[in-house]
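# Examination of the molecular architecture
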Amino acid sequence: AQSVTQPDIHITVSEGASLELRCNYSYGATPYLFWYVQSPGQGLQLLLKYFSGDTLVQGIKGFEAEFKRSQSSFNLRKPSVHWSDAAEYFCAVGAPGSARQLTFGSGTQLTVLP
Amino acid sequence: SQTIHQWPATLVQPVGSPLSLECTVEGTSNPNLYWYRQAAGRGLQLLFYSVGIGQISSEVPQNLSASRPQDRQFILSSKKLLLSDSGFYLCAWSTQGAGGNTIYFGEGSWLTVV
């Protein structure tokens, strides 16, 4: 069974600083990988996804993520954080061809200081 | 484009009362449908998923049930709510087939059991 670990429960950065949120997964083959963002009291919005091909994936809102098979990681990055990026971020892994579900990490809460 | 709606957005119910949360998807046909629960400060837990009308798979045994009476309608129910049922409930959908793991979420429903 697949699993996802987001080691950082809470991260605080200053506005304008760079950001990297960590995600490690466990899966026997090449998985589908996702990052979602959730603002308080709202549903989850898809930021980006990796299915195959180029391991550097561009998403919405200036985010990108890099799939590193050797490290079983899919870290999310943004070169310059905006105050509106404050939210909770979830990494998820899916098994190709499975309708069942995505397995989500426990989330990383991002606080942005002015 | 596809849209997903769930209602009600907020619900306060006494212990032992029934529950019905509804979700509809527009702009697609034969989607996979999901119900997730997000307890305060915790990640997402898959409750039910459905690959077709009348086909429901349960992930977690509990006093909740789900039904899919129509292709794009998914209902979460309970006959008698427990305090532990409080949380944020998210309906979601995905396409079937290639790339079907990308899950899109509704706005969520806050349930408080008192």
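This section reports on the structure supplied with the text.

Rules used in this analysis
- Per chain, residue numbering runs from 1 following the sequence as it is written.
- Here every chain gets a letter starting at A, and every ligand a number starting at 1, in the order they are written.
- Totals for whole chains, interfaces and linings use every residue, but because this is a predicted model, local features are given only for residues with pLDDT of at least 70 and side-chain atom pairs only at 80 or more, for both listing and counting.
- By convention in this description, side-chain values take in all heavy atoms of the structure and omit both hydrogens and water.
- Think of it this way: any DSSP run of H or I at least four residues long counts as a helix, any run of E at least two long counts as a strand, and we number them from the N terminus.
- Radius of gyration: over C-alpha atoms. The globule rule applied is 2.2 Å multiplied by the number of residues raised to the 0.38 power.
- Think of it in three bands: with a 1.4 Å probe and only protein chains considered, a residue is buried below 20% of the maximum accessible area for its type, exposed above 50%, and partly exposed in between.
- Whether two residues are in contact is decided by their heavy atoms, any of which lying within 4.5 Å being enough.
- The accessible surface values rely on the Shrake-Rupley method and a 1.4 Å probe; as for residues, cover is taken only from the protein chains in view.
- His is not counted here, nor are the chain ends, while Lys and Arg score as positive and Asp and Glu score as negative.
- Lysine's charge is taken at NZ, arginine's at CZ, aspartate's at CG and glutamate's at CD.
- Note: buried area is the sum, over both parts, of the accessible area (probe 1.4 Å) each one loses when the two are combined.
- Here a salt bridge means any side-chain nitrogen of Lys or Arg lying within 4 Å of a carboxyl oxygen belonging to Asp or Glu.
- Polar contact criterion, stated in full: a pair of N or O atoms within 3.5 Å, where within protein one must be able to donate a hydrogen and the other to accept it, and residues adjacent in sequence count only if both atoms are side-chain atoms.
- Pairs were defined over the aromatic rings of Phe, Tyr and Trp, the Trp ring being its six-membered one, requiring ring centres within 6.5 Å. Orientation was assigned from the angle between planes: stacked under 30 degrees, edge-to-face over 60, tilted for the rest.

## Things to note about the overall build of chain B
Of the regular secondary structure elements, chain B holds zero helices and 11 strands. For chain B, the α and β elements follow one another from N to C terminus as β-β-β-β-β-β-β-β-β-β-β. Against the compact-globule benchmark of 13 Å for 114 residues, chain B has a radius of gyration of 13 Å, which places it among compact chains. If you line up chain B on its principal axes, its C-alpha atoms span 40 × 25 × 20 Å. Within chain B, the fraction of its 114 residues that count as buried is 49%. Contacts in chain B between residues at least 24 apart in sequence constitute 55% of all its contacts with a sequence separation of at least 6. Within the structure as shown, chain B displays about 5100 Å² of accessible surface, and the carbon and sulfur contribution to it stands at 55%. Of the charged side chains in chain B, 6 are positive and 6 negative; the average position of the first set lies 9 Å away from that of the second.

## Comments concerning the interface of chain A and chain B
On the side of chain B, 21 residues touch chain A, which itself brings 24 residues to the contact. Summed over both partners, the interface of chain A with chain B buries about 1600 Å², with 55% contributed by carbon and sulfur atoms. The tally of links from chain A across to chain B stands at zero salt bridges. Joining chain A to chain B, the criterion identifies four residue pairs in polar contact (both at pLDDT 80 or more). Those elements that provide at least two residues to the side of chain A that touches chain B are β5 (32-38), β6 (44-50), β10 (87-94) and β11 (102-104) of chain A. If you tally residues by element for the side of chain A that touches chain B, the top one is β5(A), at four residues.

## Thoughts on the side chain of Arg37(B)
All names here are of chain B. Tracing the backbone through its elements, the reader meets Arg 37 in strand β4 (residues 32-38). Exposure remark for Arg 37: the relative accessible area of 11% places this residue in the buried category. Here the side chain of Arg 37 touches Tyr 89 through a polar contact of 3.2 Å, side chain to side chain. Ignoring anything within four residues of it in the chain, the contact list for Arg 37 reads Gly 43, Leu 44, Gln 45, Leu 47, Gln 62, Leu 64, Ser 84, Asp 85, Phe 88 and Tyr 89.

## Some points on the packing of aromatic side chains
This structure, assessed with the given rule, holds 17 aromatic pairs over all chains. On the numbers, 5.7 Å between centres and 50 degrees between planes, the contact of Tyr36(A) with Phe104(A) is tilted. Here the residue Tyr36(A) occupies a position in strand β5, and Phe104(A) occupies one in strand β11, the gap between them amounting to 68 residues. Chaining the aromatic ring pairs together yields one cluster made of Tyr32(A), Phe34(A), Tyr36(A), Phe51(A), Phe104(A), Tyr34(B), Tyr36(B), Tyr49(B) and Phe105(B).

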